[in-house]
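Coordinates in review
Read off the chains here:
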Amino acid sequence: MMARTPEATTTVRSPARVRRTLLATGALVATVLTGSCSGDSGGTSAPPDVPTLQELGTPEGRLDLVAWAGYAENGSNDPKVDWVKPFTKATGCKVYTKVADTSDSMVALMKSGRYDGVSASGDASLRLIYGGTVAPVNTRLLSNWNDIAGYLKNQPYNSAAGRMYGVPHGYGANMLMYRTDKITQRPTSWSVVWDKESPAAGHVVAYDSPIYIADAALYLKAHRPDLKINDVYELDEKQFDAAVDLLKQQRPNVNQYWANYLDELQSFKSGYNYAGTAWQVTANLAMAEKAPVATTIPDEGATGWSDTWMISSKAQHPTCMYQWMNWITMPKVQAEVAQWFGEAPANPKACRYTAKGFCSTYHVGDPEFYKRLAFWKTPVKECGDDRGSKCVDYSRWAQAWTQIKG
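Residues numbered from 1 in each chain as written. Predicted model: local features only at pLDDT ≥ 70, side-chain atom pairs only at ≥ 80, totals over all residues. Heavy atoms only, no water.

Strand direction decides the pairing type here: strand 8 (residues 175–179) and strand 11 (residues 275–278), joined by four bridges, are antiparallel. If you follow Leu176 over to strand 11, its bridge partner there is Thr277. (Pairing = 2+ DSSP bridges. Helix = DSSP H or I, 4+ residues; strand = E, 2+ residues; numbered from the N terminus.)

And the structure:
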């Protein structure tokens with residue numbers, strides 16, 4: 001499946017995706033998650049009983065958010081990019097945003113109780129849910145709920161015990177990007193980044209995060225059926241060890257681990273990278289600058305990310321937070337955010353307001369594309385099946401990642 005070339009460079013303007021440094025560097029991450037991940041999300045079958053708001057009150061006049069860069073733009077980065085001031089004008093809720101650059105930072109900030117809501121990725125959301133940090137949402141109070149793509153609702157990374165914890169915001173795939181002058185035939189398998197004899201050997205690029213272990217598990221799921229991998233984020237000891245071994249075998253062929261997508265962009269443009277994991281926005285920028293690159297989702301599928309706006313269980317301004325969730329999922333606002341940030345909007349009606357070709361490039365409203373993605377979620381001890389609490393939690397993933405990179 002070839003990605004279409006974007007029709008307008010306005011779809012890829014922002015360097016905001018730098019924020020997906022995610023949970024990069026091992027030692028600090030391991031320290032943070034030893035205390036937070038296994039304790040908050042791994043040992044229980046149901047989250048704490050947190051009450052759901054039953055009705056909206058008078059807007060409180062203030063809203064405190066934790067967000068990824070580019071998700072709550074107020075015109076300070078670009079005067080033409082502003083959906084915060086119109087929100088304040090419409091609701092009376094003045095927005096104060098704390099930008100976080102990792103999921104760990106988001107979890108820590110939300111635990112402080114100082115913020116009303118957060119734009120959480122799947123690798124943070126379970127910790128927030130099982131830690132009692134966020135509350136279930138009352139979907140009756142979400143004015144655009146019925147317009148959100150159905151396949152984004154009630155997912156393992158944004159729901160628990162049959163309740164939704166937030167409203168989906170946007171999503172994207174961790175694509176395979178490759179240089180068409182170095183790899184002349186479209187790769188149909190991720191083997192191009194795993195095989196020692198690959199034409200990309202020595203020029204492979206990999207995502208610099210423990211969550212990349214799931215990419216190895218995804219490959220093994222297809223090529224090692226004896227391991228019986230079902231969910232790439234629910235790995236028992238044997239499955240986990242096999243994924244780590246594959247990553248260690250890959251290590252000599254990796255010439256770059258990237259956390260900042262701009263670094264990866266420059267390496268692909270210069271011909272330093274031949275193939276590896278990338279976001280569609282990175283490919284769009286590279287193609288806009290005439291670099292010979294293309295993207296594809298190989299036969300094994302791909303990992304991905306889906307972000308959700310969640311409300312704090314201690315929100316001091318709950319009505320303003322619900323007003324924000326309603327505002328940020330309006331079609332026109334969704335279009336503005338998606339084009340600035342570089343992602344698929346959760347509300348397909350946004351496509352009425354996007355540049356030509358944008359929604360096809362990002363596979364908006366395409367459930368078959370969505371089904372091919374294994375969206376990030378926090379690895380926890382509870383496997384979610386009859387294996388019980390035998391899976392490897394995220395603190396172990398972080399420790400292993402440090403060893404893999406050496």
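Attention now goes to helix 10 (residues 318–328). Along an α-helix, residues three or four positions apart point the same way, because every turn accommodates 3.6 residues. Counting buried positions along helix 10 gives nine out of eleven residues, so the element sits mostly inside the fold. Within helix 10, burial applies to Thr319, Cys320, Met321, Tyr322, Trp324, Met325, Asn326, Trp327 and Ile328. (Buried < 20%, exposed > 50% of the residue type's maximum accessible area, 1.4 Å probe, protein only.)

With that settled, consider the pairing of strand 10 (residues 254–258). Across the five residues that make up strand 10, a large majority, five, are buried. Bridge analysis of strand 9 (residues 204–207) against strand 10 gives four bridges, and the strand direction is parallel. If you follow Val205 over to strand 10, its bridge partner there is Gln256.

Moving on to the confidence of the model for the chain. In the predicted model, the chain carries a mean pLDDT of 88, and the fraction of residues at 70 or more is 89%. Note on residues 1–44: pLDDT is under 50 here. Beyond four places in sequence and across chains, it has 141 contacts. (pLDDT = per-residue confidence, 0-100. Contact = heavy atoms within 4.5 Å.)

Here we take up the state of the cysteines. Per the stated rule, a full pass over the model turns up three disulfides. What pairs with Cys93 in a disulfide is Cys320, and their sulfur atoms sit 2.0 Å apart. Classification of the bridge connecting Cys93 and Cys320 rests on its S-S torsion, roughly -85°, and on that basis the disulfide is left-handed. Residue Cys93 is located in the loop between helix 2 (84–91) and strand 2 (94–99), and its partner Cys320 is located in helix 10; the two are separated by 227 residues in the primary sequence. On the basis of relative accessible area, Cys320 is assigned to the buried category, the value being 0%. Cysteine pairing in the chain follows 1-2, 3-4, 5-6, where each cysteine in a disulfide is numbered by its order in the sequence. (Disulfide = S-S within 2.5 Å.)

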